[in-house]
Amino acid sequence: MSNSLYIVWKEGNNTGIPIIDEQHRGIISTINSLHYFIQNGDSEKILQPTLVTLKQYTLIHFKTEEAIIAKAGYPDLEEHCALHQGLAEKTDHVYQEAITNKDHKLVLSFLRDWWLNHIVRIDSKYVPFVIK
Ligand SMILES: [Fe+2]
């Protein structure tokens, strides 16, 4: 059993927008909890609600972020929303695949790669429009 974190939050991941950073950390925190349960060999009984929490919190976050960047007049709003929509659709597919193949690590690596890439490369683009 390991208590180490799957993803360690770095200062460089912060956008400087307090509510966005708070929610990003919340998402990473939930992914870390998912990893912890998987490492411990916990059953579907605990994995399932953690995944549901992550999905619901992701929706809350996307709603928050989309409203903030719309209000800021971000020119690539539509493209950004499409990426969010893409994650929602792809996540269901990856979850199903992981359950069928009994490979939960697949979900973890997918979530880690998507979120870190999104936060660092994609979300950073709207920051100058929100923080003026
Ligand atoms: Fe985003």
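Calculation notes
- Residues numbered from 1 in each chain as written.
- Predicted model: local features only at pLDDT ≥ 70, side-chain atom pairs only at ≥ 80, totals over all residues.
- Heavy atoms only, no water.
- Helix = DSSP H or I, 4+ residues; strand = E, 2+ residues; numbered from the N terminus.
- Buried < 20%, exposed > 50% of the residue type's maximum accessible area, 1.4 Å probe, protein only.
- Contact = heavy atoms within 4.5 Å.
- Phe/Tyr/Trp six-rings, centres within 6.5 Å; stacked < 30°, edge-to-face > 60°.
- Axes fitted to C-alpha atoms, helices over the stretch in contact; angles between N-to-C directions.
- Parallel < 35°, antiparallel > 145°, perpendicular 65-115°, else oblique.
- Left-handed = near helix turned anticlockwise from the far one by under 90°.
- Nonpolar A, V, L, I, M, F, W, Y, C, P; charged D, E, K, R; others polar.

Overview of the side chain of Thr50
Next up, step 1: On the secondary structure map, Thr50 appears in helix H2 (residues 44–71).
Next up, step 2: Using a relative accessible area of 9% as the deciding quantity, one classes Thr50 as buried.
Next up, step 3: Apart from the residues within four sequence positions on either side, Thr50 is in contact with Thr30, Ser33, Leu34 and Phe37.

Structural notes on the packing of aromatic side chains
Next up, step 1: All chains considered together, the criterion is met by 6 aromatic pairs.
Next up, step 2: In this structure an aromatic cluster arises from ring pairing among Phe62, Trp114 and Trp115.

Here's the deal with the packing of H2 against helix H4 (residues 104–122)
Next up, step 1: One way to put it is that H2 packs onto H4 with a least axis distance of 13 Å and a crossing angle of 15°. When the interaxial angle is binned, H2 and H4 end up roughly parallel. For H2 against H4, the interelement crossing comes out left-handed. For the pair H2 and H4, contact is made by Glu44, Leu47, Leu51, Leu54, Thr58, His61, Phe62 and Glu65 and by His104, Val107, Leu111, Trp114, Trp115 and His118, respectively.
Next up, step 2: The class makeup of the residues in the contact of H2 with H4 is 8 nonpolar, 4 polar and 2 charged.

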